[in-house]
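Structural features, examined
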Amino acid sequence: MKVMLVAAEASGDALGAGLARALKAQHSGIELVGVGGPKMAAEGISSPFDIAELSVLGWIEGLRAYGRVKARVSDTVAFAVRERPDVLVLIDSWGFTIRVAKAIRAVLPEVKLIKYVGPQVWASRPGRAKTLAGAVDHLLALYAFDAPWFEKEGLPTTVVGSQALHVDMSGADPVAFRRARGIGDDAPLLLVLPGSRPGEIRLMTPVYEAAVAQLKAERPGLEVAVVAAGTVATDVTTRVAAWPFRAHLVSEADNYSAMKAATVALATSGTVSTELALSGAPMVIGYRFQPLSYAIMKPFFTGKYATLFNHAADAEIARELIQKDATPEQFAAQVGRLLDDPSSRADQAMRQTAALDLMGREGRDPSEIAAEAVQAVLMAQDSRSG
């Protein structure tokens, strides 16, 4: 049994690594190959190229990177032709993986194609559900509210849950985190999480810097920590080092301790919002696109909220400041409101936790469910072959 996993950016690499571990645990004779990053490599999956160049944000940026992406699609298909897997799992990264799916279907029609994480059609471009249904054989969806969109297009779907709802924070030590950095137990601590993509760091970090400067001017005792995600650690470190005030840099190894230690978090929209909610940190969410990219994409946005737990609760539990609202003044006002009002912080944290329950926080390990679904697709294929 040979399974090929394809991930094109850091979040997909983490999902692929979890799926690889679960597949190996459930099936001793499985062979794993694929395209991925360092986490998948640690599970024995050697990628034929570096996926870092595929982390593209926005339509205009996507157009500029089109030649590079197209070349890597060809490389991925050539790799699949050489390896001849029984099933191919395409993880997240819609633009890249849908191209791979269509190309694989043309040259290896016998290979079963599974998409792990569908496009967020509840938020924008619902027509993608039909496109995906015509390109793959099965979908592994993260949330129950995803499934109906794809099932009505005839795509068999298994809801596996989100790994972000099952992160292990048992080793997090907020007290040690504060003491190691000389932060008092009762000192207000703002945790800034600027993102994990180069484009996010470029667009959001200057805005956050200006917002934090305003907050510190009004609250001299405010402590600030900034998470430098592994994929953009050098860029974040360089930028934060130039800030005219002190900020504690946090590596990914300490980010859960930092989340639990934080009084309030200011985060770029993404999976990290779910992790922050799990840690109990009240937060403000921000996001900016390049102006032309946003102008092109805005008509396709149909959902009310960008943050998953806001969507699950159908309420803006965490304040979202997107594009023109993502200004230093707005961030300072919304973060300042939480910093100054303990009851508001407690209420938001409680509502965030309740929304996580709606998303399936108490379910089984998603990687195990995903691995079982992959094996079920393989077994169905074998029975038909036999």
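Attention here is on the structure that accompanies the text.

Rules and cut-offs
- Sequence positions are assigned chain by chain, starting from 1 and proceeding in written order.
- In keeping with the model being predicted, local features are shown solely for residues with a pLDDT of at least 70 and side-chain atom pairs are shown and tallied solely at 80 or more, while totals for entire chains, interfaces and linings include all residues.
- The side-chain quantities take in all heavy atoms of the structure and omit both hydrogens and water.
- By definition, any uninterrupted DSSP run of H or I lasting at least four residues is a helix, any uninterrupted run of E lasting at least two residues is a strand, and each is numbered from the N terminus.
- Atoms counted for the radius of gyration: C-alpha only. Globule rule: 2.2 Å times the number of residues to the power 0.38.
- Throughout this description, buried means an accessible area under 20% of the type-specific maximum (1.4 Å probe, protein chains only), exposed means over 50%, and partly exposed covers the range between.
- We call two residues contacting when some pair of their heavy atoms lies within 4.5 Å.
- Note that accessible areas follow from Shrake-Rupley with a 1.4 Å probe, and for residues the cover is restricted to the protein chains shown.
- As used here, the term nonpolar core means buried Ala, Val, Leu, Ile, Met, Phe, Trp, Tyr and Cys residues forming a set that is joined through side-chain atoms within 4.5 Å.
- Whether two strands pair depends on DSSP finding at least two bridges between them.
- Axes here mean lines fitted to C-alpha atoms, for a helix over just the part in contact, with angles spanning 0 to 180 degrees between N-to-C directions.
- Any two rings among Phe, Tyr and Trp, with Trp reduced to its six-membered ring, count as a pair given centres within 6.5 Å; such a pair is stacked if its planes are under 30 degrees apart, edge-to-face if over 60, and tilted if neither.
- In a helix, the anticipated span is given by 1.5 Å times the number of residues less one.
- Note that the arc is defined by the directions from the helix axis to the C-beta atoms.
- Convention used here: a crossover is right-handed provided that the path from the first strand, over the helix, to the second strand proceeds clockwise when the strands point away from the viewer.

**What to know about the overall build of the protein**
When its secondary structure is counted, the protein shows 17 helices and twelve strands. Taken against the 2.2 N^0.38 rule, which gives 21 Å for 386 residues, the C-alpha radius of gyration of the protein at 21 Å falls within 12% of a compact globule. For the protein, the C-alpha atoms occupy an extent of roughly 70 × 40 × 35 Å along the three principal directions. Within the protein, buried positions represent 53% of all 386 residues. Put simply, 69% of the contacts in the protein that link residues at least 6 apart link residues at least 24 apart. Working note: accessible area of the protein is about 16,100 Å², and carbon and sulfur atoms make up 53% of it.

**Some details on the nonpolar core**
Core analysis: the biggest nonpolar cluster contains 63 residues, and Val-3, Tyr-116, Leu-276 and Val-374 have the highest contact counts within it. Ranked by residue count, the leading element in this core is helix α17 (residues 366-385), at seven residues. Beyond its immediate sequence surroundings of up to four residues, Val-374 is in contact with Val-3, Leu-19, Leu-23, Val-87, Val-89, Ile-114 and Leu-140. Grouped together as the second largest cluster of nonpolar side chains are 33 residues, Met-4, Ala-8, Ala-80 and Val-136 included.

**Examining the sheet that holds strand β6 (residues 157-159)**
Across the sheet, which stays open at both edges, the six strands sit in the order β2-β1-β3-β4-β5-β6 with parallel pairing between neighbours. Only two strands of the sheet have a single neighbouring strand rather than two, namely β2 (31-35) and β6. Ignoring which end each strand starts from, the neighbouring axes of this sheet average 20° apart. Examined bridge by bridge, strand β4 (residues 112-116) and strand β5 (residues 138-141) share three bridges and lie parallel to one another. Bridge assignment links Tyr-116 to a residue of β5, and that residue is Leu-140. Each of β1 (2-7), β2, β3 (87-91) and β4 touches helix α1 (residues 10-26); the most contacted strand, β1, lies at about 165° to it. Its contacts with the sheet place helix α5 (residues 94-107) against β1, β3 and β4, and it is angled at close to 160° to β3.

**Re the packing of aromatic side chains**
Two measures describe an aromatic ring pair: the distance that separates the ring centres and the angle between the ring planes. With the rule as written, the count across this model stands at five aromatic pairs. Between Tyr-143 and Phe-145 the ring centres are 5.2 Å apart and the planes differ by 15°, which places this aromatic pair in the stacked class. Under the relative-accessibility criterion, Tyr-143 is labelled buried at 4%. The class for Phe-145 is partly exposed, based on a relative accessible area of 23%. A ring pair is formed by Trp-243 and Phe-245, whose centres lie 5.4 Å apart and whose planes are at 50°; its orientation type is tilted. By relative accessible area, Phe-245 is classed as buried at 14%. In textbook terms, an aromatic cluster arises when at least three aromatic residues are bridged by ring pairs, as seen for Trp-122, Tyr-143 and Phe-145.

**Describing α5**
For α5, with 14 residues, the first-to-last C-alpha span of 20 Å sits near the 20 Å given by 1.5 Å per residue. Among the residues making up α5, those that are buried are Trp-94, Phe-96, Thr-97, Ile-98, Val-100, Ala-101 and Ile-104.

**What to know about helix α4 (residues 66-83)**
Compared with an ideal rise of 1.5 Å per residue, which puts 18 residues at 26 Å, α4 spans 26 Å between its outermost C-alpha atoms and is within 8% of the ideal. Along α4, the residues classified as buried are Val-69, Val-73, Thr-76, Val-77, Phe-79, Ala-80 and Glu-83. The buried residues of α4 all sit within an arc of 155° when viewed along its axis, so they share a single face. Looking at the buried residues of α4, the elements they touch are β1, β2, β3 and α5.

**Describing unusual backbone geometry**
Of note in this structure, Asp-314 is not a glycine but carries a positive phi near 55°. Looking at where Asp-314 falls in the secondary structure, it is placed in the loop between α14 (308-313) and β12 (319-322). The phi angle at Gln-323 is positive, at roughly 55°, despite the residue not being glycine. The topology assignment puts Gln-323 in the loop between β12 and α15 (328-340). Classification of Gln-323 as buried rests on a relative accessible area of 13%.

**Some thoughts on the side chain of Glu-223**
On the secondary structure map, Glu-223 appears in strand β8 (residues 223-227). Filtering out sequence-adjacent residues up to four positions away, Glu-223 remains in contact with Gly-182, Ile-183, Ala-187, Pro-188, Leu-189, Leu-190, Arg-246 and His-248.

**Brief notes about the environment of Tyr-256**
Tracing the backbone through its elements, the reader meets Tyr-256 in helix α11 (residues 255-261). Tyr-256 sits in the partly exposed class, given a relative accessible area of 22%. Linking Tyr-256 and Thr-231, residues 25 residues apart in sequence, is a C-alpha distance of 17 Å. Ignoring anything within four residues of it in the chain, the contact list for Tyr-256 reads Val-167, Asp-168, Met-169, Ala-172 and Glu-275.

**Focus on the pairing of β8**
Counted residue by residue, β8 has five buried out of five residues, so it is predominantly covered. Alignment of strand β7 (residues 189-193) against β8, held across four bridges, turns out to be parallel. Bridge pairing links Leu-190 to Val-224 in β8. Since β7 and β8 lie parallel, the crossover through helix α9 (residues 198-218) that links them has a hand, and here it is right-handed. In this region the chain leaves β8, passes through helix α10 (residues 233-241) and returns to the parallel neighbour strand β9 (residues 248-250); the handedness of that crossover is right-handed.

All we've got here are geometric facts, nothing functional implied.
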